[in-house]
Amino acid sequence: VLAEALVYARARLAGQANPYGHLTEQVGIWARHRRRGRAWAGHLARAKGLCLAAADALAPGSRRTALVLGAGLLLDVPLTELSLRFRRVVLADMSFLPSACAKARALGNVECRAADLSGCMDRLATCAARTPPQPAPTPDLALGLPDLDFVYSANLLSQIPLFAMSALRRHAPQLSEDALERFAGSLVTAHVNALRALPAACLVTDSMERGKKLGKGRGAAEYEADLLFGAGEILLSAAALAPGCERWTWDMAPDGEAEPGLDVEREVIGVPNVSALFNSASDRGEA
Ligand SMILES: C[S@@+](CC[C@H](N)C(=O)[O-])C[C@H]1O[C@@H](n2cnc3c(N)ncnc32)[C@H](O)[C@@H]1O
């Protein structure tokens, strides 16, 4: 706990803001990764591998700017390899720990950019108190970068709704859980649509969480939760049929780390090129 407080304090002293709790959450991830790094290694390696394979599939001239969305602690980002492949790499997140900024600086062609990738966090506090939120707007995920050749959405998608829901719970406590979940689903759809609009966007996201019993009855599923709030169906069914897409299980919180008496794991999906995925699904008449 002391180490976490120090990491948080260093980030605040370095000028990082924490208006919606992203920095606090990153410190939590930093601490969980220190405890569970071995269990996470396979998941992180697969995410990095999928990102690099997607980058390598680009046409040879497409090596200007790469953008990583939800770069965070860079655990699932093959940063050195991207910086060797692209002229410029932009890391986007709501906040960054100083260690991530230092890695970026050391490479010379990598920069950190603070951005709200939902495009609507600042509006939730003001408009939600009176009316239920409308479906989320589609954000501009190119972030105004003129020479963008590659985008990697790095385990961000399922996290966007969580921060938005907690802001809404704070500012608009009268909203029902149903209304919150509908809005959460619309944020997922908006992110996927924004990636679809980009020429080469690769997506890695967890889609489902499962709690499995430890001890007596070991392995039996205790609960399952849809991390994409019902909005991941089209993505998941298109990806199930498409070559190059991958699915794996992330041993996220084994041995009661998050829930006493449970192993918690997540199903993860990797899509090398989101717009190509939907184009081929619509050729088949599915999306
Ligand atoms: C599970 S972490 C991703 C892990 C990260 N790729 C890594 O390797 O450390 C989710 C990331 O999404 C970021 N995030 C969540 N909502 C966001 C938003 N609305 N705008 C920008 N970043 C956001 C969080 O700050 C966090 O760093």
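In case you missed it, the structure is sitting above this.
Residues numbered from 1 in each chain as written. Predicted model: local features only at pLDDT ≥ 70, side-chain atom pairs only at ≥ 80, totals over all residues. Heavy atoms only, no water.

Novice: What is the right way to read a negative patch on the surface from this model?
Specialist: Judged by side-chain charge, D178, E181, D226 and E233 come together as a negatively charged surface patch. Its place among the elements puts E233 in helix α8 (residues 233-241). Overall, E233 belongs to the exposed group, its relative accessible area being 55%. (Patch = residues over 30% accessible without salt bridge, like charges linked within 9 Å, V, L, I, M, F, W, Y side chains within 5 Å. Areas by Shrake-Rupley, 256 points an atom, 1.4 Å probe, with all protein chains shown as cover. Salt bridge = Lys/Arg side-chain N within 4 Å of Asp/Glu carboxyl O. Lys, Arg positive; Asp, Glu negative; His and termini not counted. Charge placed at Lys NZ, Arg CZ, Asp CG, Glu CD. Helix = DSSP H or I, 4+ residues; strand = E, 2+ residues; numbered from the N terminus. Buried < 20%, exposed > 50% of the residue type's maximum accessible area, 1.4 Å probe, protein only.)

Novice: It is not clear to me how the nonpolar core should be interpreted in this structure. Could you clarify?
Specialist: Within soluble globular proteins, side chains that are nonpolar generally end up buried alongside one another. Of all hydrophobic cores here, the largest spans 51 residues; its most connected members are L67, L69, L195 and V271. Tallying contributions element by element places helix α7 (residues 177-196) first for this core, with 9 residues. Excluding residues within four positions of it along the chain, L67 makes contact with V90, A92, L141, A142, L143, L145, L148, F150, V151 and Y152. With 43 residues, the next largest nonpolar core counts L44, L58, L75 and V264 among its residues. (Core = buried A, V, L, I, M, F, W, Y, C linked by side-chain atoms within 4.5 Å. Contact = heavy atoms within 4.5 Å.)

Novice: Explanation requested: the state of the cysteines in the structure shown.
Specialist: Two cysteines form a disulfide when their sulfur atoms are joined by a covalent bond. This structure, assessed with the given rule, holds 0 disulfides. C245 takes part in no disulfide bond, and the closest cysteine sulfur, belonging to C202, lies 9.7 Å away. (Disulfide = S-S within 2.5 Å.)

Novice: Would you explain the site of the ligand in this entry?
Specialist: Taken together, 22 residues sit near the ligand, with G70, L75, D76, D93 and L117 positioned nearest. The fraction of the free accessible surface of the ligand (600 Å²) that becomes covered by protein chains is 95%. When contributions to the shell around the ligand are tallied by element, the ones reaching two or more residues are α2 (22-56) and α6 (159-171). Class assignment of the residues belonging to the shell around the ligand gives a composition of 12 nonpolar, 7 polar and 3 charged. (Near = heavy atom within 4 Å. Nonpolar A, V, L, I, M, F, W, Y, C, P; charged D, E, K, R; others polar.)

Novice: Would you mind going over the pairing of strand β2 (residues 88-93) with me for this structure?
Specialist: Along any regular strand, the residues point their side chains to alternate faces of the sheet. The buried count for β2 comes to 5 of 6 residues, which makes it a mostly enclosed element. Relative to β2, strand β1 (residues 65-69) runs parallel, the two sharing 5 bridges. Paired with V68 across the bridge in β2 is L91. One crossover worth recording links β1 to the parallel β2 by way of helix α3 (residues 79-85), and it is right-handed. What joins β2 to strand β3 (residues 110-114) is helix α4 (residues 98-107), and the crossover it makes is right-handed. (Pairing = 2+ DSSP bridges. Right-handed = clockwise from strand over helix to strand, strands pointing away.)

Novice: What exactly am I supposed to notice about the pattern of salt bridges here?
Specialist: Side chains carrying opposite charge are able to pair once their charged atoms draw close together. A full pass over the atoms with the stated rule returns 18 salt bridges. Taking the shortest distance from any N to any O, the salt bridge between E246 and R46 comes out at 2.8 Å. With E246 in strand β7 (residues 246-253) and R46 in helix α2, this pair connects stretches of sequence that are 200 residues apart. Overall, the relative accessible area of 37% leaves R46 in the partly exposed class. With a closest N to O distance of 2.7 Å, R266 and E209 form a salt bridge. Pair noted here: R266 is in strand β8 (residues 262-271) and E209 is in strand β5 (residues 201-213), with a separation of 57 residues, a long-range link. Within the structure, one salt-bridge network assembled from shared partners comprises R210, K212, E224, E265 and E267.

Novice: Explain unusual backbone geometry here, please?
Specialist: Look at N155: it is not a glycine, yet its phi comes out positive at around 55°. Mapped onto the elements of the fold, N155 is located in the loop between β4 (148-154) and α6. Phi at D255 is positive, roughly 55°, even though this residue is not glycine. Note that D255 resides in the loop between β7 and β8.

Novice: Looking at this structure, how should I read the side chain of S275?
Specialist: For S275, the position within the fold is in helix α9 (residues 274-283). Setting aside residues up to four positions removed in sequence, S275 forms contacts with R196, L198 and P199.

Novice: What exactly am I supposed to notice about the packing of α8 against α9 here?
Specialist: The axes of two packed helices give the description: the angle between them and the distance between them. Orientation of α8 relative to α9, taken along the N-to-C sense of each, is 80°, at an axis distance of 10 Å. Comparing the axis directions of α8 and α9 gives the class roughly perpendicular. Of α9, the residues touching α8 (which contributes I234, L235, A238 and A239) are L277, F278 and A281. Looking at the contact of α8 with α9 residue by residue, the class counts come to 7 nonpolar, no polar and no charged. (Axes fitted to C-alpha atoms, helices over the stretch in contact; angles between N-to-C directions. Parallel < 35°, antiparallel > 145°, perpendicular 65-115°, else oblique.)

So far we have only geometry, and geometry alone does not tell us how the molecule works.
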